[in-house]
Every structure is written in structure tokens, then in C-alpha cells.
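Residue-level listing of the chains:
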Amino acid sequence: MSKDDAGGKNAKDTHYAKLRRAHRDQRRERGEIPTPKADRRHRQAEDWKAPSLVPDQVLLYGLHTVRAALDNPERQVIRLSVTKNAAQRLDLPDPSTLPYPVDTVLPSDIDRVLGPDAIHQGVMLETRPLPVRRLGALKESPLILVLDQVTDPHNVGAILRTAVAFGAGAVITTMRHSPTESGVLAKSASGALELIPYIQITNLADALEELHSHGFYSVGLDSEGPEPFEATLAGEKVALVLGSEGKGLRQKTRATCKALARLDMPGAIKSLNVSNAAAVALYAARQYLAR
């Protein structure tokens, strides 16, 4: 398991965390420390209210996510809130040397902002959204991913990470019925949001037509597609188009794609989570482009 897969923790951190939990459980069994009430976090979740953010304000959290954002020269940082332990793990320099304010806080201070369910690892970064990207900037990229109303930010975050792993040039999605840049999306992407353009457009069919004009061959993934995915790939540039779980591709999107294809699977289950389907399709498309 990589550092990313452990949610920003390396193997040593995970090992010591397990030892600390085991030691704490033993002390509770001996009655040396009190056992927390089971409904404490539930009550905290019920009492928490999401902060009101202005349109150009984004709150990022998690060690790996924040580290990637701080390393991104295009990311405009407003304020960093961090615990002493998280500051050490981020290997931050003297706060007085940084071009943005740094607040030393307690984990509970971040909980009050993000809610008790956010795995923030002691760090929260207030930033501006990343600069808007245009489709015309993708002319030189041989592989891109297009999402048709995939709404779950966890799925989109996982797709962003996979797209970076396979060298895709961008992930394109719609402004409506798609997640905007957020802490949940960035945390799920585990730093990938800083490494690949996440482009939100108004009209997906028009965007596909523009991609066609730049030489892209679009293939829409559909469980009922007429041909196997590998047999439909063509050209020197490929745009993979995936629809939302359940609904799949919309009719206008299906009609605009150059080809519709299915991922053939020999097992009893014939469909995949959209992020898993994206990984399989990206791998096959990369193999095709490498020929």
C-alpha cells in the first residue's frame, strides 16, 4: 500500500496508530480511562452546520491534499490552519517566512469548521479555486476523460487520481449535476486535483464537437454498447466519455459520441462503479495509444 492509499499515512504511522489504539483499549478494559459514549460523534454530527462559503472560497483538508496544494504554484492560498503535529508532518518552514497566515489550532477547532466526519489529519487550507481552463489548451493531449453528470465527489475524485496515473490530459465535466472544486473532491483525489485540469463546461455535446474539431475521437462507454471497447478505438487522440451510475450517458451525449462501446466482463457482474470503469478504459486506451 502506498502512502496515498493509506490516506496520507505511511506504514510506520499506521503501525504506531494501531499500537496506540490497542493500548488505549486495554486501559479502558482495566477501567483506567473512561469509555466514550457511543453517541458522542453522532451528536456532534447532528449539531454541526456547514460553513457558508463565498463563491471563490475553497476549504481543502488532509495532509496529502494540502501538501499538493501548497506545492502547486497556481494555487492561491489565503490561510493555513494546522496543528503542531500536522505542521511537523507537512515539514513546514518558519511560519513567518510564508506569504500567507498560519494559525496553530487544535483538531477540535478544525472539526467545528469541517464537521466531525471530515478526516482532516489536523490541517485545513483556505484557498481560491484553481484558474479556469479552456478546451483549446488540450490540443496536444492524446487522452482525455469526459464525465456526463457524474455527481458523487468521491467518484470524481477517484477518477481524477486515476486519470493522473494514466497520463490523461484533463477531466471534463458539466457545470450542472457535477461536483465543484471542494474539500471532499480534493481529498478523494488525494492530490490529483492539483495535477490535472478539471474543466467544467456548460454544454457537453458542444464540448464534444469542439474536441472533435481538435482531432479527438470520442468513445462513450455503455453497458449495452454495440461493440467491445477495444474494437472501437481509433485515431491518434481519444476522448473517453462516461455517464453517471444508474442513468449512464444521456441521449444527446450518446448521439454526439463517435462510437459507443461496452467493457466486456466474463464474470457474473456486468457493470462497474464509474471510477473503476474509468480505470479499465484508461488502461486500455493508453495501451492502444502506445502502439
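Structure shown above.
Residues numbered from 1 in each chain as written. Predicted model: local features only at pLDDT ≥ 70, side-chain atom pairs only at ≥ 80, totals over all residues. Heavy atoms only, no water.

1. Remarks on the packing of helix 6 (residues 153-165) against helix 11 (residues 274-289)
With their axes 9 Å apart at the nearest point, helix 6 and helix 11 run at an angle of 15° to one another. With respect to their mutual orientation, helix 6 and helix 11 come out roughly parallel. Considering only the axes of helix 6 and helix 11, their crossing is right-handed. Across the interface between the two elements, Asn155, Ala158, Ile159, Thr162 and Ala163 of helix 6 pack against Val274, Ser275, Ala278, Ala279 and Leu282 of helix 11. (Axes fitted to C-alpha atoms, helices over the stretch in contact; angles between N-to-C directions. Helix = DSSP H or I, 4+ residues; strand = E, 2+ residues; numbered from the N terminus. Parallel < 35°, antiparallel > 145°, perpendicular 65-115°, else oblique. Left-handed = near helix turned anticlockwise from the far one by under 90°. Contact = heavy atoms within 4.5 Å.)

2. Notes on a positive patch on the surface
Side chains of Lys18, Arg20, Arg21 and Arg24 sit close together on the surface and give a patch of like positive charge. Here Lys18 falls in the exposed class, since its relative accessible area comes to 51%. (Patch = residues over 30% accessible without salt bridge, like charges linked within 9 Å, V, L, I, M, F, W, Y side chains within 5 Å. Areas by Shrake-Rupley, 256 points an atom, 1.4 Å probe, with all protein chains shown as cover. Salt bridge = Lys/Arg side-chain N within 4 Å of Asp/Glu carboxyl O. Lys, Arg positive; Asp, Glu negative; His and termini not counted. Charge placed at Lys NZ, Arg CZ, Asp CG, Glu CD. Buried < 20%, exposed > 50% of the residue type's maximum accessible area, 1.4 Å probe, protein only.)

3. Considering the packing of aromatic side chains
Inspection of every chain in the model, using the stated rule, returns one aromatic pair. Both rings, one in Phe166 and one in Tyr283, keep their centres 6.2 Å apart while their planes meet at 75°; by these two values the pair is edge-to-face. Placement of the pair is Phe166 in the loop between helix 6 and strand 6 (171-174) and Tyr283 in helix 11, with a sequence separation of 117 residues. Judged by relative accessible area, which is 23%, Phe166 ranks as partly exposed. Overall, Tyr283 belongs to the partly exposed group, its relative accessible area being 48%. Lying across the ring of Phe216, Lys237 places its NZ or CZ 5.4 Å from the centre. (Phe/Tyr/Trp six-rings, centres within 6.5 Å; stacked < 30°, edge-to-face > 60°. Lys NZ or Arg CZ within 6 Å of the ring centre and 35° of its normal.)

4. Brief notes about the nonpolar core
Ranked by size, the top nonpolar core spans 51 residues in total, and within it Leu145, Leu160, Phe229, Leu240 and Leu242 carry the most contacts. Residue contributions to this core peak at eight residues, all from helix 11. Excluding residues that lie within four positions of it along the chain, Leu240 makes contacts with Leu143, Ile144, Leu145, Val146, Val219, Phe229, Ala281, Leu282 and Ala285. One finds Leu135, Ala239, Leu249 and Cys257 within the second-largest nonpolar core, a separate group that totals 18 residues. (Core = buried A, V, L, I, M, F, W, Y, C linked by side-chain atoms within 4.5 Å.)

5. What to know about the side chain of Ser275
Relative to the assigned elements, Ser275 resides in helix 11. Ser275 sits in the buried class, given a relative accessible area of 11%. Within the structure, the side chain of Ser275 is placed 2.4 Å from the side chain of Asn273, a separation counted as a polar contact. (Polar contact = N/O pair within 3.5 Å; in protein donor to acceptor, adjacent residues only side chain to side chain.)

6. Overview of the pairing of strand 10 (residues 238-243)
Every regular strand shows the same layout, with side chains that alternate between the two sheet faces. Counting buried positions along strand 10 gives six out of six residues, so the element sits mostly inside the fold. Residue alternation in strand 10 divides its side chains into two sets, Val238, Leu240 and Leu242 and Ala239, Val241 and Gly243, and both sets are buried. Two elements, strand 5 (residues 143-148) and strand 10, share six bridges in a ladder whose sense is parallel. Pairing of Leu147 across the sheet is with Leu242, part of strand 10. (Pairing = 2+ DSSP bridges.)

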